[in-house]
Every structure is written in structure tokens, then in C-alpha cells.
Amino acid sequence: MVSQDISQLSHIGFLVLPSFSMIAFTNAVEPLRMANQLSRKRLYRWSIITLTDEPVLASNGLSIAPTVRPEEIPKPDILFVCAGTNVRDAVNDQVISVIRKYHQAGVALGALCTGTFALAKAGVLNNYRCSIHWENLSAIREEFPAIDFSGELFVIDRDRFTCSGGTAPLDLMINMIRFKGGKSLAADVSEQFIMDRIRDEKDRQHIPLVARIGAGHESLLEAALAMENNIENPISLDQLADDLGLSLRHLERLFKRYLGTTPAQYYLDLRLRRARELLLQTNMSVMEVTVACGFQSSSHFSKSYRGVFGYPPSRERHPDMQHVSIM
């Protein structure tokens, strides 16, 4: 759903948070530069904004300096929040205040990679559709139920522009360029970056299973997706096979041949991975995670969890345990 006049967006602001994703940031800026170069017009200009006048370190160890001082923060046409690893630590009261300031000023808002979490935390995404990297989808959906989180590469919903990480910002920006400079310019920018095609909002993030088995096994992919979409209320394998028009035996053969496991074990592992993600990335209690992941009792959950990870779920909250989390 697009109601923002994208053709009028010329000044792009990038609010860069500590440990931001450099690949996401550069994939957002470079298409703008190329659009200016190819059109021989200044279609876009951009400002790098930080909360101090010091360079900000990216997750890869490189840093970027602000182009404006904090007290000279301009009013762009759209503000993108650029984040990456440890976004929960990066999003403090000052960040939330800045985002709300731009929101109140009528500035369109966007996010790259985990920057969507910052917008959600600031309360400016309620009743919007938005995108975030697939690793963060489960946890953030639980935390912000009023927001419609999508698995698409990027989402433009009225005056909100959000995308997953990696190369997805490149696709988002080229689609924005199409509105401003036309299809021909968008195609020319795409060719300059050796892109096979311009992906649009209908393109979804690939779940890891695709990379493991390839895209030619639709029944298996559909089965895995159905499991992923039914975590809290697991469906029976008989029902799953019936929905796919397969026999249970054939479904079991597919899982065994291409994944080396049974459908039941794959489903259980999927629910347990989701549980670990929630334990590490949210403040949900162990009992809440138990319910959210479709286990009927805490004892069953704990036993299953220990069987896969070697320790009970309560240990994930032990103060002496150190985990690296991207949320």
C-alpha cells in the first residue's frame, strides 16, 4: 500500500546507530549516487546523522562520520534508521526521542535491517506492514503484536519504508528510483550493479531451507512453511500431508531424502529453535515461550529442549551465560 508521493522524496536522511550493518547502509546509498550520475541530475542528496559528532562503528569494524552536527540535524524528506547487531543496546531513549521528533514533524520514516526494531520501539509502526530480517521475525512479532511484520524483502506502506538486511536495501531504493526517475533509470541503475533483475515487494526473503535443498522441491518447501506458520498450534502430520495432497509415507520419504530427518523431528527442531530465539531475544518467561511454541507442558518443553541443546531452557537466562544476539 503506497500513499506517500515517492517521487517527491529527494533528501534522504540516514540515522546511523552503533554496530549498524555496513552492507545494508551502502546498498541504500549507492543506488542514489548512481541515479544522480546516470540522470545527470541531482535527484537525491543524503545526510548521515549520528547522536554525537563522533564517527559510528559498524558491525564490521569500519566507521562512518556524520555529515551534519547533531545540533544541525536537517529535516529530510525521509529518515532511515540504520541498525545491525545488538540493536536492543543501540536503541535508547535518545534514539526513540529523535525518531518521534521526525515523526511529529511529518517526515516519512524508514528502516534498514534491524532498524525496524527502533521504529517499533518508538511506537511509530502500529497498524503498519513492515519488513525485517527473517532471523528477527519471530521475536519481534511476539513483542509488537500491533504491527504486521512481513517476510517480504521490503515493504512500502504509506509513509513507512522498511526492508530486511543484506542487499534488500538496494532493491528498495531502486524501486523508489523507479517512482522518481522512471522505469528506464531504475533499469539502468540495476544494470550498473550487475543485478539479474529488480526485485519488488512481492519477493519474499528466502528461508534457510531453500538454500539447503534448492527451489525445485515445492512440496517439501510448502510443508516446512506450513510448519513454520503453525508453531503455537502445531498441526498433525496426517493433516499436513492431506493438505499437500500427499500420503504421510511420501512426506516422510521427502524429509528423509533431502533433509536426513523425519517430519516429526524437523517440526520439533523448528519449534525448539523458535523457543531459543524467544528466550535469547525477548523478555518472555519460560512458560510463555512454552505456550508460544506449542508445548503442552513445561516438563515436556524442558525435556525436549535439553535433548537438542544439552541443557534446560532456564539456562538461557543464567546471568553467567554469554550469548551473541542480533536483537
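First, a word on what this report is: a plain description of the structure on this page.

The rules behind these values
Residues numbered from 1 in each chain as written. Predicted model: local features only at pLDDT ≥ 70, side-chain atom pairs only at ≥ 80, totals over all residues. Heavy atoms only, no water. Helix = DSSP H or I, 4+ residues; strand = E, 2+ residues; numbered from the N terminus. Buried < 20%, exposed > 50% of the residue type's maximum accessible area, 1.4 Å probe, protein only. Areas by Shrake-Rupley, 256 points an atom, 1.4 Å probe, with all protein chains shown as cover. Salt bridge = Lys/Arg side-chain N within 4 Å of Asp/Glu carboxyl O. Contact = heavy atoms within 4.5 Å. Phe/Tyr/Trp six-rings, centres within 6.5 Å; stacked < 30°, edge-to-face > 60°.

1. Observations regarding the overall build of the chain
Stage number 1. On a plain count of helices and strands, the chain comes out with 14 helices and ten strands.
Stage number 2. Principal-axis analysis of the C-alpha atoms gives the chain an extent of 60 × 45 × 35 Å.
Stage number 3. Put simply, the chain has 327 residues, and 49% of those count as buried.
Stage number 4. Of the roughly 15800 Å² of accessible surface on the chain, 47% is carried by carbon and sulfur atoms.

2. Section: the pattern of salt bridges
Stage number 1. All told, the structure shown has nine salt bridges when counted by the stated rule.
Stage number 2. The residue R129 makes a salt bridge to D148 at a minimum N-O spacing of 3.8 Å. Of the two residues, R129 sits in strand β7 (residues 129-131) while D148 sits in strand β8 (residues 148-150), which places them 19 residues apart along the sequence.
Stage number 3. Of the residues examined, R129 reaches a relative accessible area of 28% and is grouped as partly exposed.
Stage number 4. By relative accessible area, D148 is classed as partly exposed at 40%.
Stage number 5. For D157, the salt bridge identified is with R158, shortest N-O distance 2.8 Å.
Stage number 6. Assessed through its relative accessible area of 25%, R158 is described here as partly exposed.

3. Remarks on the environment of A292
Stage number 1. Among the structural elements, A292 can be located in helix α13 (residues 286-292).
Stage number 2. Remark: the alpha-carbon pair of A292 and A275, spanning 17 residues in sequence, is separated by 7.9 Å.
Stage number 3. With near-sequence residues (within four places) excluded, A292 lies in contact with E142, I231, E232, L278 and M284.

4. A few points about the packing of aromatic side chains
Two aromatic rings, taken as a pair, are described by how far apart their centres are and by the angle between their planes.
Stage number 1. Here the structure, examined in full by the defined rule, presents nine aromatic pairs.
Stage number 2. Seen from their ring centres, F117 and F144 are 6.0 Å apart, and the 70 degrees between their planes marks the pair as edge-to-face. With F117 in helix α4 (residues 115-121) and F144 in the loop between α5 (134-143) and β8, this residue pair connects regions lying 27 residues apart in the sequence.
Stage number 3. Judged by its relative accessible area of 2%, F117 is buried.
Stage number 4. On the basis of relative accessibility, which here comes to 13%, the residue F144 falls in the buried class.
Stage number 5. Centre to centre, the rings of F301 and Y305 are 5.6 Å apart; their planes meet at 70 degrees, and the pair counts as edge-to-face. Highlighted residues: F301 and Y305, both in helix α14 (residues 298-309), separated by four residues, approximately one helical turn. Residues F301 and Y305 agree in their burial class; the two are buried.
Stage number 6. Site record: aromatic cluster; members linked through ring pairs are F295, F301, Y305, F309 and Y311.

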